[in-house]
Amino acid sequence: MRLVAVSKTHGAEAVDEARGAGVRIFGENRIQEAAIKIEQCGSAEWHFIGHLQRNKVKVAVSLFSMIHSVDSVPLLEAVAECMEATGCRPALLMEVNVAGDGAKFGFKPDAVPEALRRAAELGVAISGFMTMPPFALTAEAARPHFRRLRELRDVWQEGCAFDLGELSMGMSHDFEVAIEEGATLVRVGTALFGERGKPQR
Ligand SMILES: *Cc1c(COP(=O)(O)O)cnc(C)c1O
């Protein structure tokens, strides 16, 4: 299990301090903010965890070693094209909207097998899945969503040529539950860095 320290809205000093304490992987959700921080901070492993706009894909594939949030087939196609064009090969996770909640980004579970086939056609490997459960007041409320994603993954793994080993799930208030349900990556911001202010420009 690896910790992704979600450093969005926090400055380079916060990242440096966390690195000093042994944190290796940082998560960001805005390309512009991340690009500045990555340049200021030098070597660390950077993961993109936000909704990715099509016009930012080329920058994203060159800045990040993992993109957790491939959330549609058109985005997958754009990522494949930019990986081909740049030679950059970030690891890719598909974001799954386990609850089928209409307001959220992510693949509906039913759409995942077809998206995996499309990834195979495009020649881009998928390393696993990410999910954000609906907002809830208790960590236990998230458990069925985390468990469901692991169970779905086990089904999708059958007959899929990719190793779908990664499960990115769990944030500050529910990462312990996510780990119990099989998370391989937890994305923790507030519990490490404190409350966030306004996003940095
Ligand atoms: C901000 C964010 C997190 C971290 O949330 P915290 O509650 O601060 O730990 C995790 N995942 C995603 C996708 C985020 O945008």
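Residues numbered from 1 in each chain as written. Predicted model: local features only at pLDDT ≥ 70, side-chain atom pairs only at ≥ 80, totals over all residues. Heavy atoms only, no water.

Caption draft 1: How the structure looks around the layout of surface pockets. Roughly 340 Å³ of volume is contained in the largest pocket. Across the lining of the largest pocket, the residue classes break down as six nonpolar, seven polar and five charged. (1 Å grid on protein atoms, 1.4 Å probe; cavity = no way out; pocket = protein on both sides within 12 Å on 5 of 7 lines; lining within 4 Å. Points joined across faces, edges and corners; volume = space filled by probe spheres on them. Nonpolar A, V, L, I, M, F, W, Y, C, P; charged D, E, K, R; others polar.)

Caption draft 2: Structural view of the site of the ligand. The environment of the ligand is made up of V6, K8, I49, M132, M171, S172, R187, V188, G189, T190 and R196. The separation between an oxygen atom of the ligand and a polar side-chain atom of S172 is 2.5 Å. Separating a nitrogen atom of the ligand from a side-chain N or O atom of R187 is a distance of 2.9 Å. Against a free-state accessible area of 390 Å², the protein chains account for coverage of 90% of the ligand. Judged by the fraction of its atoms near the pocket grid, the ligand is located in the largest pocket. Of the residues that constitute the shell around the ligand, the class distribution is five nonpolar, three polar and three charged. (Near = heavy atom within 4 Å. Polar contact = N/O pair within 3.5 Å; in protein donor to acceptor, adjacent residues only side chain to side chain. Areas by Shrake-Rupley, 256 points an atom, 1.4 Å probe, with all protein chains shown as cover. Sits in = over half its atoms within 2 Å of the grid points.)

Caption draft 3: Main features of the side chain of H47. Tracing the backbone shows H47 in strand β3 (residues 45–48). A polar atom in the side chain of H47 sits 2.8 Å from the side chain of E45. A distance of 2.9 Å separates the side chain of H47 from the side chain of H68, its partner in a polar contact. Excluding residues within four positions of it along the chain, H47 makes contact with V4, I25, F26, G27, E28, F64, S65, M66, H68 and L185. (Helix = DSSP H or I, 4+ residues; strand = E, 2+ residues; numbered from the N terminus. Contact = heavy atoms within 4.5 Å.)

Caption draft 4: Broad picture of empty space enclosed by the protein. Applying the stated criterion across every chain yields a total of one cavity of 30 Å³ or more. Taken together, 13 residues make up the lining of the largest cavity; nearest its centre are V96, N97, V98, T131 and M132. When grouped by side-chain class, the residues that make up the lining of the largest cavity number seven nonpolar, three polar and three charged.

Caption draft 5: Molecular detail of the environment of A60. The residue A60 is located in helix α3 (residues 57–63) in this model. C-alpha separation for the pair A60 and V96, spaced 36 residues apart in sequence, amounts to 20 Å. Once residues lying within four places of it in the same chain are set aside, the contact partners of A60 are I31, L52 and I67.

Caption draft 6: Structural context of the packing of helix α1 (residues 12–20) against helix α2 (residues 31–41). Where α1 contacts α2, the two axes come as close as 9 Å, and the packing angle between them is 50°. The pairing of α1 with α2 is recorded here as oblique in orientation. As α1 runs across α2, the sense of the crossing is right-handed. Touching A12, V15, D16 and R19 of α1 are K37, Q40 and C41, all from α2. (Axes fitted to C-alpha atoms, helices over the stretch in contact; angles between N-to-C directions. Parallel < 35°, antiparallel > 145°, perpendicular 65-115°, else oblique. Left-handed = near helix turned anticlockwise from the far one by under 90°.)

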